[in-house]
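Summary of structural features
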Amino acid sequence: MKKTLLLFLLLSSFLSFSQEKKQSLNVFTFSEVEKIQRQNPKPIIVFITTDWCKICHGMKSTTLKDRDIIQILNDKFYFIKLNGEEKEDITFLEKTFVYKPTGTNTGLHELANQLGFMGNVITYPTTTFLNSNFEIDLQLTGFYDSKRMKQILDKYK
């Protein structure tokens, strides 16, 4: 009986230590942000990506999974993921943005074009910072590791 109780206490202590609460990134839609921005204004970060972009997947699985980055994004920003090749219409700021085919199997969503286009090209991933008035303040292209992204977020907020 004592051995069973001791074993139970030992196992329960290991289980409680190993169950660290995983925090998840709050991801919003454009329409959600438009509504909540009126009540609680915050800067907005739009992460523009595609399904085929390996660098985007790398950033999603590292930087955007980092506990400190998630904490900052959840506390200080509204975060939106936008697929640059999204085929669904998106209404934002009283305008409907649509997918525009550019070839037989390729295309670009108008909203990704508006938010991610720099120097006559769109690069994936692009991380666009909008102020509380929905104006572009900053655009970052390419991969940003957790350390560099934290530095940028800390300066921006």
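Heads up: these notes are all about the structure in this document. (Residues numbered from 1 in each chain as written. Predicted model: local features only at pLDDT ≥ 70, side-chain atom pairs only at ≥ 80, totals over all residues. Heavy atoms only, no water.)

What about the overall build of the protein chain?
In terms of helices and strands, the protein chain carries six helices and eleven strands. The 157 residues of the protein chain split such that 36% are buried. Taking contacts inside the protein chain between residues at least 6 apart in sequence as the whole, the part at least 24 apart equals 62%. Carbon and sulfur atoms provide 54% of the accessible area of the protein chain, an area that totals close to 10,200 Å². (Helix = DSSP H or I, 4+ residues; strand = E, 2+ residues; numbered from the N terminus. Buried < 20%, exposed > 50% of the residue type's maximum accessible area, 1.4 Å probe, protein only. Contact = heavy atoms within 4.5 Å. Areas by Shrake-Rupley, 256 points an atom, 1.4 Å probe, with all protein chains shown as cover.)

Side note on the nonpolar core
Core analysis: the biggest nonpolar cluster contains 20 residues, and F30, V46, I48, L82 and L111 have the highest contact counts within it. At the level of secondary structure, the elements contributing two or more residues to this core comprise α2 (30-39), β2 (44-49), β3 (78-83), β4 (90-92) and α5 (110-116). Contacts of F30, omitting those with residues within four sequence positions, involve V46, I80, L82, I90, T91, F92, L111 and L115. Judged by nonpolar contacts, the second largest core, of 17 residues, contains M59, F77, F79 and Y144. (Core = buried A, V, L, I, M, F, W, Y, C linked by side-chain atoms within 4.5 Å.)

Observations concerning the sheet that holds β2
Within the open sheet, the five strands sit side by side as β1-β3-β2-β10-β11. Their pairing is mixed. Across the chains shown, the open sheet's two edge strands, defined by having one partner strand only, are β1 (27-28) and β11 (136-141). Two strands pair when backbone bridges link them, and β2 and strand β10 (residues 126-130) are joined in this way by five bridges, in the antiparallel orientation. Note on β10: the bridge partner recorded for V46 is T128. Sitting on the sheet, α2 is in contact with β1, β2 and β3, with an inclination near 155 degrees to β3. Strands β2, β3 and β10 of the sheet are contacted by helix α3 (residues 54-61), whose axis makes an angle of about 135 degrees with β2. (Pairing = 2+ DSSP bridges. Axes fitted to C-alpha atoms, helices over the stretch in contact; angles between N-to-C directions.)

Considering empty space enclosed by the protein
With the rule as written, the count across this model stands at one cavity of 30 Å³ or more. Taken as a whole, the largest cavity encloses approximately 40 Å³ of empty space. Every residue lining the largest cavity is listed: I45, F47, M59, L64, L73, F79, T127 and M149. Classifying every residue of the lining of the largest cavity by side-chain character gives seven nonpolar, one polar and no charged. (1 Å grid on protein atoms, 1.4 Å probe; cavity = no way out; pocket = protein on both sides within 12 Å on 5 of 7 lines; lining within 4 Å. Points joined across faces, edges and corners; volume = space filled by probe spheres on them. Nonpolar A, V, L, I, M, F, W, Y, C, P; charged D, E, K, R; others polar.)

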